[in-house]
Amino acid sequence: MAVLEVLKMGHPLLLQVAQPIERFDDPELDALIKDMFDTMEALSGAGLAAPQIGVSKRLVIFGVTKNARYPDAEEVPATILINPVIQPLRRGTEDDWEGCLSVPGLRGLVPRYTHIRYSGYDEKGQRFEREASGFHARVVQHECDHLDGILYPRRIRDLRMFGFESELLKEEDEGAP
Ligand code: NI
């Protein structure tokens, strides 16, 4: 089990456009994916993109069962998604709160497409395609943004809706919106 260091906002690699993966069914790729799952699970993340652990490749993983960071979140199947393509299925976006292991302690209100189709490859090079909505669609969009060097704070429309989780939770407890 290898829990890797997650790069934090400010590291230049997080701003790079990642390169497609060309070699599938490869022990090195399998080892990278295993380390990413170990890291994501150790940090209770909903997803992780390869650039976050310093590998500038178009690979993301995600999955939510019951998660301490997202106690009310819908379940999302554990997925390895390589060289992904996202197509929005509806024009509208919806705002919701997001966090990121590369932006620890903070939360922001981020617009995302509510319904998407995403496609890509698994670790064996098998192409697959899924439709997703709600939280599942949000996680996929967030993780795939990492592959284009985009961290969620760049998506926030109103920077008043960006802050430390500890403060935002306090407001919630006091019944503020
Ligand atoms: Ni992230």
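Model, not experiment: these values are computed from the prediction.

## A word on the pattern of salt bridges
At step 1: Applying the stated criterion to the full structure yields 14 salt bridges.
At step 2: Here Glu-98 and Arg-138 are joined by a salt bridge, their closest N and O atoms 2.8 Å apart. Here Glu-98, found in strand E4 (residues 93-98), pairs with Arg-138, found in helix H2 (residues 134-147); they are 40 residues apart in sequence, far enough to count as distant.
At step 3: Ionic pairing is found between Arg-117 and Glu-131, a salt bridge with its closest N-O pair at 3.1 Å. Of this pair, Arg-117 sits in strand E6 (residues 115-121) while Glu-131 is found in strand E7 (residues 127-133), placing the two residues 14 residues apart along the sequence.
At step 4: Given a relative accessible area of 24%, Arg-117 falls into the partly exposed group.
At step 5: Each of Glu-98, Arg-112, Arg-138, Asp-145 and Arg-155 takes part in salt bridges that share partners, so that together they form one network.

## Considerations on helix H1 (residues 27-42)
At step 1: Over its 16 residues, H1 runs 22 Å from end to end, which matches the ideal 22 Å to within 8%, given 1.5 Å per residue.
At step 2: Listed in full, the buried residues belonging to H1 are Leu-29, Leu-32, Ile-33, Met-36, Phe-37, Asp-38, Thr-39 and Met-40.
At step 3: Packing partners of the buried residues in H1 comprise strand E1 (47-49), strand E2 (59-64) and strand E3 (76-88).
At step 4: With its phi angle positive at about 55°, Ser-44 sits one or two positions after the end of H1.

## Some thoughts on the coordination of the nickel ion
At step 1: Within the protein, Cys-100 (SG), His-142 (NE2) and His-146 (NE2) serve as the donor atoms for the nickel ion, at 2.1 to 2.2 Å.
At step 2: Along the chain, the residues donating to the nickel ion fall in the pattern C-x41-H-x3-H. Here the residue His-142 and the residue His-146 both occupy positions in helix H2, the gap between them amounting to four residues, near one helical turn.
At step 3: His-146 sits in the buried class, given a relative accessible area of 2%.

## Focus on the nonpolar core
At step 1: Counting 18 residues, the largest nonpolar core has Val-60, Phe-62, Leu-81, Ile-116, Tyr-118, Phe-135 and Val-140 as its most contacted members.
At step 2: Residue assignment for this core shows that the elements contributing at least two residues are E2, E3, E6, E7 and H2.
At step 3: With six residues, H2 is the single largest residue contributor to this core.
At step 4: In this structure Ile-116 touches Ile-86, Gln-87, Pro-88, Leu-89, Arg-130, Glu-131, Ala-132, Ala-137, Val-140 and Gln-141, once residues within four positions along its chain are discounted.
At step 5: In this structure, Val-6, Ile-21, Met-40 and Ala-50 belong to the second largest nonpolar core, which totals 16 residues.

## Here's the deal with the packing of aromatic side chains
At step 1: Per the counting criterion, the structure on display carries three aromatic pairs.
At step 2: Taking 6.0 Å as the distance between ring centres and 75° as the angle between the ring planes, the aromatic pair formed by Phe-62 and Tyr-118 counts as edge-to-face. Of this pair, Phe-62 sits in strand E2 while Tyr-118 sits in strand E6, placing them 56 residues apart in sequence.

## Observations regarding the pairing of strand E5 (residues 106-113)
At step 1: Most of E5 sits out of view: seven of its eight residues are buried.
At step 2: Pairing analysis gives six bridges linking E4 to E5, with the strands arranged antiparallel. Bridge pairing in E5 links Glu-94 to Arg-112.

## A look at the sheet that holds E7
At step 1: With respect to topology, five strands assemble into an open sheet ordered E1-E2-E3-E6-E7, the strand pairing being antiparallel. The open sheet terminates on both sides in strands that have one partner only, identified here as E1 and E7. The sheet shows a mean angle of 40° between the axes of neighbouring strands, direction not considered.
At step 2: Across the sheet, H2 lies against E1, E2, E3, E6 and E7, angled at about 70° from E3, the strand it touches most.

Parameters at a glance
- All chains use their own residue numbering, which begins from 1 and follows the written sequence.
- With the structure being a predicted model, the display of local features is reserved for residues of pLDDT at least 70 and the display and counting of side-chain atom pairs for 80 or more, all residues being used for whole-chain, interface and lining totals.
- Values reported for side chains reflect all heavy atoms of the structure, with hydrogen atoms and water molecules removed beforehand.
- Salt bridge, as applied in this entry: a Lys or Arg side-chain nitrogen positioned within 4 Å of an Asp or Glu carboxyl oxygen.
- Strands here are runs of E lasting at least two residues and helices are runs of H or I lasting at least four, both read from the DSSP assignment and numbered beginning at the N terminus.
- Buried means the residue's accessible area, taken with a 1.4 Å probe over protein chains only, is under 20% of the maximum for its type, while exposed means over 50%, and partly exposed covers the values in between.
- Any helix carries an expected span of 1.5 Å times its number of residues minus one.
- We call two residues contacting when some pair of their heavy atoms lies within 4.5 Å.
- Coordination here is defined by N, O and S atoms within 2.8 Å of the metal (3.2 Å for Na, K and Ca), and since water is not considered, a site can look incomplete.
- Nonpolar core, defined: a set of buried Ala, Val, Leu, Ile, Met, Phe, Trp, Tyr and Cys residues in which side-chain atoms within 4.5 Å join the residues together.
- Aromatic rings from Phe, Tyr and Trp, with only the six-membered ring used for Trp, were paired whenever their centres fell within 6.5 Å, and each pair was classed as stacked if the ring planes differed by under 30 degrees, edge-to-face if by over 60, and tilted otherwise.
- Any two strands with at least two DSSP-identified bridges between them are counted as paired.
- In this analysis an axis means a line fitted to C-alpha atoms, helices contributing only their contacting stretch, and an angle means the value between N-to-C directions, from 0 to 180 degrees.

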